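Single-letter residue listing:
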Amino acid sequence: EANSTVTLYATDGISSLGSATADGSGNWSITSATLAEGMHTLTTRATDAAGNISAASSGLALTIDTTAPTFASATVNGNQLVLTYTEATTLDALNSPAAGDFEVQVGGALRTVTGIGIGINATAKTVTLTLATAVSNGQTVTVAYTDHTGGDDLNAIQDVAGNDVASFGAATATNLTPPPPPPQSPPTTPPTTTETVDGVVVERLTVTNPDGSTLQS
């Protein structure tokens, strides 16, 4: 209602977060008191000049998130290195850091990161890097990350609220790369013998069965 007093209420519907007077078109704006981290549902009520108070508005649900994701662990399998983060909501899958923001060492030697391979999985809270060459089973792998820009920006690992992940030094990645398959044994040729039957040379093949018995043909 035009020129009414609009009051903004916290989730409990009782605690006031601020108030403002609507203009002649009924428009208003309120800068609320600071909200704590977490989920909130805000409502408003309007009071006209006669003191009549309206019913509460529909609730506006919102989440206050000022905590950045934290690095939890890393695994590597072949040329795919996966970083896992701890985060209350989700990661930002639309913006990502550059491949050069990561340093991967394999057996103490630098291994180039060619890109953010599969990318950022917002709900799984993972970032997957593609390495220039695959890691072998048993090799020691470490990964480090540097956010080269100060403050929260789009060129970094961040949550959906825009809180940037902090840089971290060399962390060991669990190497899940399977060992190579054992070499194939060359096929064995069953022994053969020859004998002459009615003046004709005959070659006989001897096959040994699993039970130890033999069969000639």
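What you see is a predicted model; the values in this text were computed from it and never measured. (Residues numbered from 1 in each chain as written. Predicted model: local features only at pLDDT ≥ 70, side-chain atom pairs only at ≥ 80, totals over all residues. Heavy atoms only, no water.)

Draft legend 1. Summary view of the pairing of strand 10 (residues 126-131). With six of six residues buried, strand 10 lies mostly within the body of the structure. Neither face of strand 10 is exposed, since Thr126, Thr128 and Thr130 on one face and Val127, Leu129 and Leu131 on the opposite face are all buried. Across five bridges, the pairing between strand 6 (residues 80-86) and strand 10 is antiparallel. By the bridge assignment, leucine 83 is partnered in strand 10 with valine 127. (Buried < 20%, exposed > 50% of the residue type's maximum accessible area, 1.4 Å probe, protein only. Helix = DSSP H or I, 4+ residues; strand = E, 2+ residues; numbered from the N terminus. Pairing = 2+ DSSP bridges.)

Draft legend 2. Spatial organisation of the nonpolar core. Counting 26 residues, the largest nonpolar core has Leu81 and Val127 as the members making the most contacts within it. Listing elements by their share of this core, those giving two or more residues are strand 5 (70-77), strand 6, strand 7 (102-106), strand 9 (113-121), strand 10, strand 11 (141-145) and strand 12 (168-175). The contact partners of leucine 81, leaving out residues within four places of it in the chain, are Ala74, Thr75, Val76, Val104, Val127, Thr128, Leu129, Val141 and Val143. Of all hydrophobic cores here, the second largest spans nine residues; its members include Val6, Leu17, Ala22 and Leu35. (Core = buried A, V, L, I, M, F, W, Y, C linked by side-chain atoms within 4.5 Å. Contact = heavy atoms within 4.5 Å.)

Draft legend 3. Summary view of the environment of threonine 140. Within the fold, threonine 140 resides in the loop between strand 10 and strand 11. By relative accessible area, which is 52% here, threonine 140 ends up exposed. Counting along the chain gives 34 residues from threonine 140 to valine 106, while the straight-line C-alpha distance between them is 5.7 Å. Apart from the residues lying within four places of it in its own chain, the contact partners of threonine 140 are Gln105, Val106 and Gly107.

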